[in-house]
Amino acid sequence: GRRVRSDARRAGDPTWRGIGAAPMFDEIRAQGPFFTLFVTLVLLLIIAPITQSGRLGGALLQGGYTMVLLASVWGVRTKAPDRAALWVVGIPALAVGWASLSYDTPVLEYLNGTLTVVFTGVVIALLIKHVARARKVTVDTLYAAFSAYLMIAILFAALYSFLEVLQPGSIGLSIGEGSSRETWDSFYFSLVTLTTLGYGDITPAFGIARTLAPMEAVLGQLYIAALVARLVGLWTAQQQAEEAEPE
């Protein structure tokens, strides 16, 4: 029985496809290596608003970053230099992040903020590099582009969180005096700013925050404009090349 199923799988027998979990993984692989990263980021941002601050929220955050690292490495697994860069910056960032959950010291907070920003920036750079070097529009190219957009939101969220450590009160809540900040407020504020929704319940109070917020809003619009131009250009060139091929 097991050998027959294995032979049928290798032969591509359609009657076997409904057996076991392997077809599901085949579908995931068919979507491209960056599909896993995109799904991880979406789940991270969905979980964010329904979690509370404290140890649980911090553990979920670090778990999300761990999954982002693994999914990013999977996405660039065929490129050794990119994979090495992710490991070099990702492992120290995750190690310090997990350690900061148990040991609440200023040094760990500063290291955690710095390494998280660097790690997120490296992931964004590799994603944009993948999209910029693409020769044609594929599903994998789209997932990489979408992932880069969400990672920009996470990058600025990390910057806002780090800024709160350096300058408490930089991002203020306008819903009343004494409102407590939660672990995920920076994610919410970053997404609202990147998409230029501007609800106004959280606002940059002073200092560097008032520089970062408009920079993120402008960057979000420029990214979408540049991405659309890039994908349309690739698609047009792809269509012209296909039409030029002899039948």
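Residues numbered from 1 in each chain as written. Predicted model: local features only at pLDDT ≥ 70, side-chain atom pairs only at ≥ 80, totals over all residues. Heavy atoms only, no water.

Visitor: Just give me the short version of helix 5 (residues 80-102), but keep the residues and values in it.
Guide: Across its 23 residues, helix 5 extends 34 Å between first and last C-alpha, which sits within 8% of the 33 Å expected from 1.5 Å per residue. Gly90 marks the point of greatest bend in helix 5, at about 25°, and the proline Pro92 comes within the next four residues. (Helix = DSSP H or I, 4+ residues; strand = E, 2+ residues; numbered from the N terminus. Expected span 1.5 Å × (residues − 1). Bend = angle between axes of the 7 residues up to and from the residue.)

Visitor: Could you give an account of the environment of Ile154, naming the residues involved and the relevant values?
Guide: Within the secondary structure, Ile154 is located in helix 7 (residues 139-166). Between the alpha carbons of Ile154 and Val117 there is a distance of 8.9 Å; along the sequence they are 37 residues apart. Once residues within four sequence positions are removed from consideration, Ile154 is found in contact with Leu41, Leu44, Leu45, Tyr65, Thr120 and Phe187. (Contact = heavy atoms within 4.5 Å.)

Visitor: Now, about a nonpolar patch on the surface: what can you tell me, with residues and values included?
Guide: A cluster of nonpolar side chains, Val39, Leu43, Ile46, Ile47, Leu56 and Leu60, forms an exposed patch at the surface whose accessible area comes to about 500 Å². For the nonpolar patch, the element with the most residues is helix 3 (residues 34-47), which contributes four residues. Note that Val39 resides in helix 3. When its relative accessible area of 31% is taken as the criterion, Val39 is described as partly exposed. (Patch = residues over 30% accessible without salt bridge, like charges linked within 9 Å, V, L, I, M, F, W, Y side chains within 5 Å. Areas by Shrake-Rupley, 256 points an atom, 1.4 Å probe, with all protein chains shown as cover. Salt bridge = Lys/Arg side-chain N within 4 Å of Asp/Glu carboxyl O. Buried < 20%, exposed > 50% of the residue type's maximum accessible area, 1.4 Å probe, protein only.)

Visitor: Mind laying out the packing of helix 7 against helix 8 (residues 185-194), listing which residues take part and the relevant values?
Guide: Where helix 7 meets helix 8, the closest approach of the two axes is 8 Å, and the angle between their N-to-C directions is 130°. It follows that helix 7 is oblique to helix 8 by the angle criterion. Crossing of helix 7 over helix 8 shows right-handed handedness. Residues Tyr149, Ile152, Ala153, Ile154, Phe156, Ala157, Tyr160 and Ser161 of helix 7 pack against Ser186, Phe187, Phe189, Ser190, Leu191, Thr193 and Leu194 of helix 8. For the contact of helix 7 with helix 8, a count of residues per class yields eleven nonpolar, four polar and no charged. (Axes fitted to C-alpha atoms, helices over the stretch in contact; angles between N-to-C directions. Parallel < 35°, antiparallel > 145°, perpendicular 65-115°, else oblique. Left-handed = near helix turned anticlockwise from the far one by under 90°. Nonpolar A, V, L, I, M, F, W, Y, C, P; charged D, E, K, R; others polar.)

From the geometry alone we can't say anything about function, so treat these as descriptive.
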